[in-house]
Structure formats: structure tokens, C-alpha cells
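Here is what each chain is made of, one letter per residue.
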Amino acid sequence: MDTIKTENKENTLPNATIQQQEVEKMEQAPNTEEKSSQKPQAKGKVKKDGAKKKKSSGFGNLLKVVGCILLLVIIALAAWILYSGLNKKKSLSLLPPQYGVYLHTDSLWEAVNPLLDLQAADILLTTEEFSSFRSLFMDLRQSPLRENKLLALAAARPVDVGIYFDKDNKTNLVAVVDMGFLSAATRLSKLWIGKLPLEKTFPEGITLVQGSSGYYYELNTDFGTIYFVNHYNTVIISTSRELFQKAVQGNNDVLYTPQELELLTLKTDNPLQIIADANTLAQAATENAPTLKKIVQLIHQDSKAHVSFGITDKEINLELQIPLDVEKSQLQELSGTKALLQEDSSLPLLLSQLGNNIQYYTIMNIGSLQALKEAAFPLLPASMNAPKLWSTAESLSTNFFGVTLEDLVFSWTGQECALLGIEGLKDPVIALEVKDENMRQFVFEQLLSSIILKDDTSLILNGVRLPQLQLPVFVQGILKLLNLNFPNPYYMVHKGFIYFSESPESLSALFTSMQSGQRLSNNQGWKNVAENHNKETSVSLFYDLEHDTPFFLRGDNVVTQILELYAMGLLDLQLQDNTLLCHLSASSRPSGQLRSLPGFPMELEGRAAQIFKVAEKNGKHLFWVENNTILKILDVGSMSIQKKEFRSPILVAPAAENSVGAAIWAVTAEGATYLLATNLADMPNFPQLIGGTPSTQPIATEQGLIQPMDDDSLCFVSPEGVVKKLQLELTGSIMAAPSLLKNEAVFYDKGFSGGLLLVDTEKQSLTLRQQVFGIAYGSPALLENHKTKYLGFITQAGRLSLWRFDENATEKGTSLQQIVDSSLKGVFFTNLVSNGNYFFALSAEGQLFRITTDGTVISVKIPNVTARNGLITVVPNGKTGAKNIYLGVDGNILYGFNENLELLQGFPLAGSGMPIFVDVNSDGNEDCLALTIDNKLNGWNLR
């Protein structure tokens, strides 16, 4: 068999050659046995080689089979993906009509993921309507899933959402997600959806329902039932069964008008598009502007507004299109407004002339002053009595000047007017277009020839003559209708415009800037917000919140609070083809500016002296004591507060982080000791009675609580509830919590001949007593640097003492070697603190000292402060690890310094006591919280 297989394998010769080989073998047959006996190994070798070839051939065939199977699978998978991508439905065909609000994004991930980092979201989540979502939102903000590229790919899908309002004002939605090629997986949802690990979040799980038009899924949540199903290339999700069924039936796009379809498919550069009722949006935008609110009546009742929206922490961009119904409106009081709105916008001439020192402006390019008057007067509140005031001024103008008020104002002015703010100057400038300079000169000559109007032409500033007018009272009354107060304005005429201002410096600066050739287009603030704006505008409003607040930001609602995050902005209103186009762009304040956190300041119900932070990973809990007896804890993730009341005053301290489940130690005036969880529930074996009265603030270590007692003892309480006492021989008393360094605590036995007591917190024993002279406050400080430990202490009079621990005295016990004995200038009501590299001290005169371990001292004087009741503390930065120094001085001021005594950015700020740093908004940056003297908890962030 081996020979035959070998032959078969070698059977590659012509037939003649094969026959010749057969004859030769027959002739050699008698010698076969002999050859076999002589060379058995050769035959065996042939057998072995043949087996190898057989095995090799079998393995190769197996690979071929596997390869073919894999190729077929790949082809089938590619065909399935291709089919899934081509066999599709349009999202709009699945969205029922009669929506109240429509939203669209080309990528759910790009639209939603950046929103998680927004400060604007922090403001929204402090409102009552959205506060319940705060905790979930903060968890999502710091979720590692945001870094998952597969999730990002899956979520980068176009989404269309319809929000519907029924007669009972109940809100429902339908969302259609276009899965594209990923629908190859969603179409097979029956195979894998039941294996999703949802039990913890949704105990009832997902239910498969067989409906009349096919199967779908139901998911029961705390907010109601959610219906969803994979449908062709989409996933349909709804909170209403009725709307869900309409969506699945499809062909809803035939119910939309061509105009509505055009609006729904409009493309913009912004990530989010919204279509909503135009009247509702307009009324919301003019809520705090009663005069403009009447114009909403010019919008058709059933018309839709298109909004495209993009927002980051750096900028916000909003574009709004509202169709007008000017021709159909029959309201007489809006006749003047209708005339203005029928003209398309044009490029304001003034815009190209303004210099780069313009801080803010409002430019009107919508019609003549007479047309504006005809439009505005019917809209003004009746209490202003505008028509009567104008009539009186008209009569007085004719009597005193010999010209009517219309000729006085309208005969020479054009259609542009503006209010301008000049950088660095307080008084604004009014600009009016001069359409007829000869008429203007004639009118002014008529005015100045009277005894009523006076002209002072004596001022020349920077080479510019600036005449001054003293306007009569009736002219000032007309200006006050527009909230303008210009009783004695200076003026100048330049390139087709006349400029008025109460400040000649403002006019001079404006003229110099325009003459220099440096235009507004070179103003970096204006460039940031005007880059994508159409310069043809009817009304243009460029603002800076440090100098002016536009009308749409004067309310106190969530929208205005969000927009106030963006200090500089440009709002353009354009008219085009009977459509009002609004474009708002705004940029945020410079990075690094300290800002108040949303939800803060928080008014406290009782008086609090200090706030503490729970020692936990990714700590989110703060606690404090109000009125000495009420313990409160704040979860900054959800902004929820819990409280526990005690019958007597308590002292508190945060439990060490390794105390599993424990958060707070609390000791009552009678010695009852509590260990509490973050929900303020008692831990097992607590409370414990330790006997005696606490003498000062306790401190917590990894081994438990250390509480100084008024009987000259230290009480140790373990997290398991074991109580031990260490009796001390004191000459005075312990009046302050100790300083800690690893397993060592150092106390100050306060007295004229007092001492420093070093305690081993693990062995719960006294290891050293160092006598000191002179009265001091607080407790000494411990420092370890390059494996060498130091002890520092300063008296009230400024006597500074530093000791080094003698490492060679282990047989005799711990000993100290004094290395510094000197004096600092000043009086000290606080003791030293350490940041691991240096000691620091704060004098009552507001001098901050940095002291090295060899006694070298540098200092910085904080101007105009005292610190008799001051506080000095070191707080490590959880992100950088830097241990900065924070000072509370007399009054309501907190200072922050780095170890080089450089003032930290954003400080000083309002606050008292010790600041706490915690990541309130889950953005990876620690925020600063502190109490204020008016009994509030304030919070600031630095981004």
C-alpha cells in the first residue's frame, strides 16, 4: 500500500516510461527479498515519509475547507450588511405629524456627548424640573463609556425626534434612529436583546410583544413604559403606544406639506436642529420685553420656526427662522411695524466705519426715524403717554424754533441710527445717519438762533472741535422715551453721520480710532462672534456683559442664566422674503476666571462654623453642623441634603477612607460617640459611651477616632466600637486637635510651661514629651522630607522652634534635636502648618511666612488685612497633588497661595473658615466651596 501510494504520488511521468519501469521491476523480482533483508531501514523510511505526506495532504485539505467556509461566511455577512444598508426607510416617513417640537441631529454622539461637559447643563440641572436627573447626569459625565470607541461609532447615528403634547398637557415622544449599516445587527435583535444585563437597572427586563403588525419590545421604567422595535434600517422608540403604532405603519411623510418638508430637511452647520411653534418661541424670546411682545401677533398662528443650535463651553451659536404674516394682520396699532418688516435687510453703512475701540453697539438699519416713530409709539405702554408727549413737544418746537418737530428731526436724518460704547469710557455715543447735510446745517442754524438752545464751541480735544448743545426740557423728554439721557451733549459730524455724547472724551476716542484706519473688523472680540454672520442686517446688537445687558438677558430664568455664561455676543435680526432671521453668536469669558457654581450660594437654615469633606474615593459628600446640634450632609452629585438632630452640641470629624461604609464621627457633649454612614445611619456597635466631656475637636486616623477629654486623657475609639483611654500628665490642657503624620499625632499641652506630646496612634501610647515655654495657639506641625521628620512650633510672641527627630536614638526611644530657635516678627494666633516641603505661619498683621527646615524664612505681606481670628490650612489638589496654602483672614475673605507664596489665580474670594475642594460637576476639576459670614455655602469653579 505504501508503495502504491508513493507511486500514485510520483505518477507524473509519460505512459511509456511507466511501462518500462514495470518490466524492469518484474525482472528484478527474485532479488526482492534479498534487498528487503539487506535494507529494511530504507523501506521503513519510505513508509514514514509517505505517512508524513499523507498527514500533510490531509491538513492542507482541512485548511482549504475552513478557508472556504470562512469565505462564504464573509460573503454572506457582507451581503447581509449591504442588504441592511440598502433596504431602508426614510426617518421622516416614520415620524407622525402634529408634533409640538421636532429635533434632528446628524450624529447623536456628536450632539449629546459634548453636552455632558457643559456648564450650561449644570445650571439646567439646578432647576426643580431637572434636578432629579442631576445624579444620573453626573454619573454619565464621568463614565468611562465615553471613551469607548465602539459605543461612539454605534451612537454616531442620525436621529429624528418628535415631541407631542396631548389635550391633558401630557408630553410624549417618538424617536427614530437611522442605524445605517449597523442595522445588520439590530435586525437580528431577537437573538441577542434578551441577553443584555439590565436586571439591576430594570428588574422587569425587556418584554417581547407580538402585535397585529409584528413584534415589538416593551421596557418598564420609573418614568413609564417605553416601546421600541427595529424597523428596516431604523430603531423606533416611543413613550406612547398610539404614537408608536402610527410610526411603525410608516408613510407619515405624505401628511407633511411641501413647505414643512423643506423646513424639516434644511441643512445647517450646527449639530442640532429644532422645529417648533413660531408663536411659542417668539413669546418666550420677548417675555421680558413687553414692547416687542406685541409684534408676535404678526406671526401666523400655525407657522413653524426653524432653530439650529450649537453650544460648547467656549461658544454658543443659535439661528432662528420665523415666517411672518405681515399682509394678513389687520391690527391698526401694528401698521407702522408692518411697513418696516416689508423691506429686506441691507448692509449698514456705519458698520464699515466703526473703529476697533467699540466695546458694544446697537445699530438700527430698518427704516427712517419717522418710520421707527410710527412703529414704536403704538407699542409703548400707555403709562408712558408717548403721543401726548410728542404733541406737546411739537407745539413747543413750532413756537420757540419756528420749525415743526418732524422737520427738526426727520428732515435731515437717514435710516441708520446707533448706540455705541467706547472701550475704557463710561458714556455712550449716539450716531445718526445724515442724509441731507445742507438741511442739517439749516436746522441747526435755526435752533441756535433761538434763545432756548445754546451752543458752546469752545472745546477742542485732540485737534477736533466738539460743540456742545444744551437741549430744552421737551427734547429731553422725547429722548427719555427711549431710555436716553443726554441733557448737554457734545457732537461732531464725520463721513455722513453725526455723533452725540455727554463725554467729549468718548467722541474724541471714536474719531481717533476711525481716523487711524483700525476698523471694527480688527477687534478680536467682535471677530470671534461675527465670523459666520451675514452683515446685511436690520438690527444688530453687539454686547459685552461687563458693560451692558441686552433686553433678552434681563430676565431671571434658565435661558438667561445660561446665556450669561457667554459674556460677549452678537445678535443680528434680518428680514428676507417675509421671514425674520435671527442669528445669535456668543463667546465665553476668558478661561481661568473664577465663577460661581450653579446652585450656589446655598442658604443655610442655621449657623455653621466649618464644612468638612467625607474621605471617600471620588468624594461627593460634604457635611457640617448647624446651631451646634444639627448634622447635615450634602451629596453634591444630586444636591440632596440629609440631616440628623442631636439633643446636645456635637463635635465632628470625617472618618478615615479605609473605614468601610463609615463617613462621619460625631461626639456629643456628654461623650456619646457615633460613627455614621453617608445616609447618617449608625454603623454597627454604635453609639458608644466614652465617659467624660470632650475638651476640643476630635481627629480621625486609620485606627479610629482620637478625642481629647477634659480629664487630661485621650480616648481612642476604633471603627468596631472598641474604646480605650490613655491618661496624660498635663501641666495645662489640650485646647486644639492634634497634627497628624502617618501613625503619629502631636498635641500641645497649653500653658506657660507647657509641652509638646507625641503619640503613637497605632500603639496608643505616649512616645515623647518636649517642654516648651510661652503661650501658643493651635497645635505644632509635623513634616517629613527625604525620610527625615521635623517638628515645628511657634508661640504667640513669634518664638520659632524647629526640631529634627533623632533616628539614632531608637534604643532610648524617640528624641528630638533642636535645629532652629529664632523669632518671627508679629503676633501669632495660629500655629505652624506644613505642606510636606515647608512650614508656614500667619501673623495677626497679615504676614505669611514660609520656613525651610534649616530656618530660612521668606514672607509676603497681604495688604490691608488682619488675621487675629485668622486660619491657615494646607489642602492638596486632588488632580495635580500640589499642596497649596489657604488663609482665612478677618472679615469675609479667603486667600490662596502656592508654596512659593504666589497668589493663586481667582483669589481672593468671599468666604471664611477652611475651604473644601470637591468635584461638584464631575468634570475632573475640583471646585472650591466655603462658608460665608452671611451664613451661606458658596461654590466656585476654575476651568
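A tally of helices and strands in the protein chain yields 23 helices and 56 strands. Counting across all 943 residues of the protein chain, residues that qualify as buried make up 46%. Across the protein chain, the fraction of contacts at a sequence separation of at least 24, relative to all contacts at a separation of at least 6, is 54%. Of the accessible surface of the protein chain, which amounts to about 48700 Å², a share of 54% is contributed by carbon and sulfur atoms.

Along an α-helix, residues three or four positions apart point the same way, because every turn accommodates 3.6 residues. Restricting attention to buried positions, one finds in helix α16 (residues 369-376) the residues L369, L372, K373 and A375. Seen end-on, α16 carries its buried residues on one side only, within an arc spanning 165°. In this structure, the buried side of α16 is in contact with α15 (335-341), β11 (358-364), α17 (386-401), α18 (405-409), β12 (413-422) and β13 (429-434).

Where α17 meets helix α20 (residues 473-481), the axes come as close as 9 Å, and the angle between the chain directions of the two elements is 150°. As the angle between them shows, α17 and α20 are arranged roughly antiparallel. Where α17 crosses over α20, the handedness of that crossing is left-handed. Contact residues: A386, L389, W390, A393, L396, S397 and F401 in α17; F474, G477, I478 and L481 in α20. For the contact of α17 with α20, the residue count by class is 9 nonpolar, 2 polar and no charged.

Moving on, we come to a negative patch on the surface. Taken together, the side chains of E343, D344, E536 and D577 present a region of like negative charge at the surface. Residue placement: E536 occurs in the loop between α22 (524-530) and β20 (539-544).

Within the structure shown, the criterion is met by 25 aromatic pairs. Ring geometry for F646 versus Y674: centroids 5.1 Å apart, planes at 75°, classification edge-to-face. With F646 in the loop between β28 (640-645) and β29 (650-654) and Y674 in strand β31 (residues 672-676), the pair connects residues that are 28 residues apart, well separated along the chain. Residue F646 is classed as buried on the basis of its relative accessible area, which comes to 10%.

Here we take up the environment of W412. With respect to the helices, strands and loops of the structure, W412 is situated in the loop between α18 and β12. Distance in space between the C-alpha atoms of W412 and F442 is 9.6 Å, their sequence separation being 30 residues. A polar contact of 2.9 Å, which involves the side chain of W412, links it to the backbone oxygen of L408.

Cis geometry is adopted by the peptide bond preceding P601, which originates at F600 and carries an omega value of 0°. Position of P601 among the secondary structure elements: in the loop between β23 (595-596) and β24 (602-603). For the bond running from F686 to P687, omega is 10°, close enough to zero to count as cis. Along the polypeptide, P687 turns up in the loop between β31 and β32 (688-689). You will see that Y232, though not glycine, has its phi angle at about 55°, which is positive. For Y232, the location among the structural elements is in the loop between β6 (224-231) and β7 (234-238). In this structure, N578 takes a positive phi of about 60° despite not being glycine. Position of N578 relative to the elements: it lies in the loop between β21 (568-576) and β22 (579-587).

Grouped together as the largest cluster of nonpolar side chains are 49 residues, with contacts concentrated most on W412, L432, F444, I498 and F500. Sequence-distant contacts of W412, that is, excluding residues within four places in its chain, are made with D407, L432, E433, V434, K435, D436, M439, R440, V443, F444 and I498. Among the nonpolar cores identified, the runner-up in size contains 28 residues, and L350, A431, Y499 and W526 belong to it.

Looking now at the sheet that holds strand β47 (residues 839-842). Taken together, 4 strands build an open sheet; the order of strands is β46-β47-β48-β49 and the sheet is antiparallel. Among the strands making up the open sheet, the edge pair consists of β46 (833-834) and β49 (857-861). Here β47 runs beside strand β48 (residues 847-851); their pairing, made up of 4 bridges, is antiparallel. Pairing of F839 across the sheet is with I851, part of β48.

So, about the pairing of β31. Of all 5 residues that make up β31, 5 are buried, and the element is covered over most of its length. When strand β30 (residues 664-668) meets β31, the two strands line up antiparallel, connected through 4 bridges. Each bridged residue has a counterpart across the sheet, and for A666 the counterpart in β31 is Y674. Here β30 hands over to β31 after 3 residues, with G671 in that stretch at a positive phi of 95°. Pairing analysis gives 2 bridges linking β31 to β32, with the strands arranged antiparallel. Of the residues in β32, the one forming a bridge with A672 is L689.

If you trace the backbone, Q610 turns up in strand β25 (residues 608-613). A distance of 3.0 Å separates a polar atom in the side chain of Q610 from the backbone oxygen of M914. Once residues within four sequence positions are removed from consideration, Q610 is found in contact with F623, W624, V625, G913, M914 and L931.

The next point concerns helix α7 (residues 134-141). R134, F137, M138 and R141 are the residues of α7 that are buried. On an axial view of α7, the arc spanned by its buried residues comes to 95°, and they lie on one face. Buried residues along α7 sit against α6 (119-124).

Applying the stated criterion to the full structure yields 16 salt bridges. For K246, the salt bridge identified is with E242, shortest N-O distance 3.9 Å. With K246 and E242 both in helix α11 (residues 241-249), this residue pair falls 4 residues apart, about one helical turn. For the salt bridge of E645 with K643, the shortest nitrogen-to-oxygen distance reads 3.7 Å.

To continue, consider the confidence of the model for the protein chain. Per-residue confidence for the protein chain averages 83 on the pLDDT scale, and 88% of its residues sit at or above 70. Within the protein chain, β47 carries the highest mean pLDDT (97), whereas helix α1 (residues 2-10) carries the lowest (35). Taken together, the stretch residues 1-48 has pLDDT below 50 and engages in 11 contacts with residues farther than four places along the chain or on a different chain.

Below, the discussion takes up the environment of A662. Within the secondary structure layout, A662 lies in the loop between β29 and β30. Under the relative-accessibility criterion, A662 is labelled buried at 10%. Spatially, the C-alpha atoms of A662 and M683 are 6.9 Å apart, while their sequence positions differ by 21 residues.

This part covers the sheet that holds β25. Taking strand neighbours across the sheet as the criterion, the 4 strands line up as β25-β26-β27-β28 in an open arrangement whose pairing is antiparallel. For this open sheet the edge positions go to β25 and β28, each flanked by a neighbour on one side alone. Taken over all neighbouring pairs, the strand axes of this sheet differ in orientation by 20° on average, direction set aside.

Structurally, the position occupied by A656 is in the loop between β29 and β30. Given the relative accessible area of 12%, A656 is considered buried. Among all residues touching A656, those that are not within four sequence positions of it are A615, A700, T701 and E702.

Conventions adopted
- Residues numbered from 1 in each chain as written.
- Predicted model: local features only at pLDDT ≥ 70, side-chain atom pairs only at ≥ 80, totals over all residues.
- Heavy atoms only, no water.
- Helix = DSSP H or I, 4+ residues; strand = E, 2+ residues; numbered from the N terminus.
- Buried < 20%, exposed > 50% of the residue type's maximum accessible area, 1.4 Å probe, protein only.
- Contact = heavy atoms within 4.5 Å.
- Areas by Shrake-Rupley, 256 points an atom, 1.4 Å probe, with all protein chains shown as cover.
- Arc of directions from axis to C-beta.
- Axes fitted to C-alpha atoms, helices over the stretch in contact; angles between N-to-C directions.
- Parallel < 35°, antiparallel > 145°, perpendicular 65-115°, else oblique.
- Left-handed = near helix turned anticlockwise from the far one by under 90°.
- Nonpolar A, V, L, I, M, F, W, Y, C, P; charged D, E, K, R; others polar.
- Patch = residues over 30% accessible without salt bridge, like charges linked within 9 Å, V, L, I, M, F, W, Y side chains within 5 Å.
- Salt bridge = Lys/Arg side-chain N within 4 Å of Asp/Glu carboxyl O.
- Lys, Arg positive; Asp, Glu negative; His and termini not counted.
- Charge placed at Lys NZ, Arg CZ, Asp CG, Glu CD.
- Phe/Tyr/Trp six-rings, centres within 6.5 Å; stacked < 30°, edge-to-face > 60°.
- Polar contact = N/O pair within 3.5 Å; in protein donor to acceptor, adjacent residues only side chain to side chain.
- Core = buried A, V, L, I, M, F, W, Y, C linked by side-chain atoms within 4.5 Å.
- Pairing = 2+ DSSP bridges.
- pLDDT = per-residue confidence, 0-100.

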